[in-house]
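# Survey of secondary and tertiary structure
Here is what each chain is made of, one letter per residue.
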Amino acid sequence: MKRTDNLAKSKHRGNRARMILICAVSLCLVISSVTFFSILSSTAKVLFINDPDLMIPGNYTESPRLAELLYEIFDGDINMYSESTEYFYEIGSVMDTKRMFTVYSKDGNPLHGYQCFIYANAVYNKLYGEPVGNGSYLSHSVIAVRNEAVASYELFKNAGVMCGAYMRTTENKNGSYNGSKGHSLIILKYDENEITYFEGNGEGLGYVRGAVLSWQDFNDRQLGKRGRVICHIVQPTDSYYKSQYGDSKVYINYAKGSATSGNAPSSAAIGYNQTFTVKTEGNLRYGDYLFAGWSVRRDDLGLIKNTKGGWSTPEEIASGATSKRIYQPGNAVSFDQSFFICGDTHMSEGDSVTFYPEFAAPPTPIPDYPMTVTSSYTSGDGFADLTFDIIQNPGCSFLEITLALPSGIYVDSVENGTVLGGMYNASGTNVITWKMSGDLYGTGTLATIRLKARDGTLSGRAVGYTISKCCGLFGDVPLTSRMGSVRIY
């Protein structure tokens, strides 16, 4: 069939990273993609999403198979037709509100309609194999909620409303179906504070968009202030959902890798967002080298999890541009989006990641001299630069310095030195941390911290610091002094 795409996008852009989370009212947002319409009180929230990249299926479902379909739907592929032409409406597009569309069930039976009604029916049909229509002829779906004036977390939770459920509102006070005076939408998730859904024909202007609303604002916008009640919420039967999505899993494998002895642990099947425990090493050994933990590789792409939270090619790892993330046996790990989203693709049902053993030479004794850290400062117009130097270093892989700043003094910026890599939690905080995959032994400038005063006065103020943690790969590193201070003149 011929297709029409109002935004001239590719048919399926599901193989793209969607790393941006919508998680708090205070989130900084790109206005063209996400729009706040009101913030009325501590419990009020109205957030509309107009970019498919901001809608992450792994936040709504633990089923890889259902997540795959949601990617396609957010990109506009909902199997909706008009006069033998397939129309694609991605999140952020605008529907033709005057055109009649048709949706075909798995049995080939057509459902015709307009605007929000046909859009939501197309989505539900793609997810669960039948359109809802007016709710009278359902073969493997049930009405979970019927004729309710107010939506709430308790109502939805008690009814077991699930991801992809179809909701229809009506102006009929008895909750009966009204084909012309009501609205249809698809529910994605909810909690005690808010509900997330998406819709076609938002505001009656054809907007195809996602939404995150507080329950108060959801009821105001969809029900009470529009003179409507919930007609019904429809979702698949438990048995149908289980048959389609209940066994949807990805796999965690363990490999022997370069080990010359020992056995790798067995594999395990898990769902999205589930937590698993990294297994023991199975007495793996590489000659005289000791097992040091597991690195992780995406089997479909060959990419390796890195210490920055993303994925790198083996060539990037080998060049030193980044390093492997090492997981220790017994660690609890959530199989979240940082695992199943990787570069420009995401995992599908049946895909797997493999844990490979990493080995390290037997530890060398830590030198009998302690680490020595010194501090100094230089001052300028309205600022002072506090510099830490390491002048004696027996080997360090983790270091954390906590500043004790006088009232009114704050950290303006932090510049890493040449001694340690892996600095984080720096800018704007009093805690500076370095974390590396192995011990480093260099000396020289550790970091330079620019301090400023809110009233512009730094002279005569004392800045204290504590080396709160100092560790090598094989244990704590002794210190000449754990605490110190610098007075600025």
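Anything mentioned here points back to the structure above.
None of the values given here were measured: they were computed from a predicted structure.

### Observations concerning the environment of Thr372
Residue placement: Thr372 occurs in strand 24 (residues 372–380). Note on Thr372: relative accessible area 14%, which makes it buried. As for Thr372 and Pro478, which are separated by 106 residues in sequence, their C-alpha atoms are 9.0 Å apart. Once residues lying within four places of it in the same chain are set aside, the contact partners of Thr372 are Asp389, Ile390, Ile391, Gln392 and Thr480.

### Here's the deal with the packing of helix 1 (residues 64–74) against helix 2 (residues 115–128)
Interaxial distance between helix 1 and helix 2 falls to 10 Å at its minimum, and their mutual angle equals 150 degrees. Looking at the two axes, helix 1 sits roughly antiparallel to helix 2. Helix-helix and strand crossings are classified by hand; for helix 1 and helix 2 the assignment is right-handed. The residues of helix 2 that touch helix 1, namely those facing Leu66, Leu69, Leu70, Glu72 and Ile73, are Val123, Lys126, Leu127 and Tyr128. When grouped by side-chain class, the residues that make up the contact of helix 1 with helix 2 number seven nonpolar, no polar and two charged.

### Some words on the packing of aromatic side chains
Counted by the stated rule, this structure contains 29 aromatic pairs. Arranged with centres 6.4 Å apart and planes meeting at 50 degrees, the rings of Tyr128 and Tyr241 form a pair that is tilted. Placement of Tyr128 in helix 2 and of Tyr241 in helix 5 (residues 238–246) is noted, with a sequence separation of 113 residues between them. Residue Tyr128 is classed as buried on the basis of its relative accessible area of 0%.

### Let's talk about the pattern of salt bridges
Throughout the structure, instances matching the rule amount to twelve salt bridges. For Asp77, the salt bridge goes to Lys126, with nearest N and O atoms at 3.6 Å. One end of the pair, Asp77, is in the loop between helix 1 and strand 4 (80–82); the other, Lys126, is in helix 2, with 49 residues separating them in the sequence. Judged by relative accessible area, which is 15%, Lys126 ranks as buried.

### Description of unusual backbone geometry
A positive phi angle, close to 70 degrees, is found at Ser84, a residue other than glycine. Looking at where Ser84 falls in the secondary structure, it is placed in the loop between strand 4 and strand 5 (85–88). Although it is not a glycine, Gln115 sits at a positive phi angle of roughly 55 degrees. Relative to the elements of secondary structure, Gln115 occurs in helix 2.

### With respect to the nonpolar core
Core analysis: the biggest nonpolar cluster contains 40 residues, and Phe74, Met80, Leu127 and Phe198 have the highest contact counts within it. Within the residue set of this core, elements represented by two or more residues are strand 3 (46–49), helix 1, strand 6 (101–104), helix 2, strand 10 (184–190), strand 12 (207–214) and helix 5. Among the elements that take part in this core, helix 2 stands out by supplying nine residues, more than any other. Discounting chain neighbours no more than four positions away, the residues touching Met80 are Thr85, Glu86, Tyr87, Tyr89, Met95, Phe101, Thr102, Val103, Ile118, Tyr119 and Ala122. One finds Val373, Ala384, Ile449 and Leu458 within the second-largest nonpolar core, a separate group that totals 32 residues.

What counts as what
Residues numbered from 1 in each chain as written. Predicted model: local features only at pLDDT ≥ 70, side-chain atom pairs only at ≥ 80, totals over all residues. Heavy atoms only, no water. Helix = DSSP H or I, 4+ residues; strand = E, 2+ residues; numbered from the N terminus. Buried < 20%, exposed > 50% of the residue type's maximum accessible area, 1.4 Å probe, protein only. Contact = heavy atoms within 4.5 Å. Axes fitted to C-alpha atoms, helices over the stretch in contact; angles between N-to-C directions. Parallel < 35°, antiparallel > 145°, perpendicular 65-115°, else oblique. Left-handed = near helix turned anticlockwise from the far one by under 90°. Nonpolar A, V, L, I, M, F, W, Y, C, P; charged D, E, K, R; others polar. Phe/Tyr/Trp six-rings, centres within 6.5 Å; stacked < 30°, edge-to-face > 60°. Salt bridge = Lys/Arg side-chain N within 4 Å of Asp/Glu carboxyl O. Core = buried A, V, L, I, M, F, W, Y, C linked by side-chain atoms within 4.5 Å.

Geometric descriptors of this kind do not, in isolation, establish any biological role.
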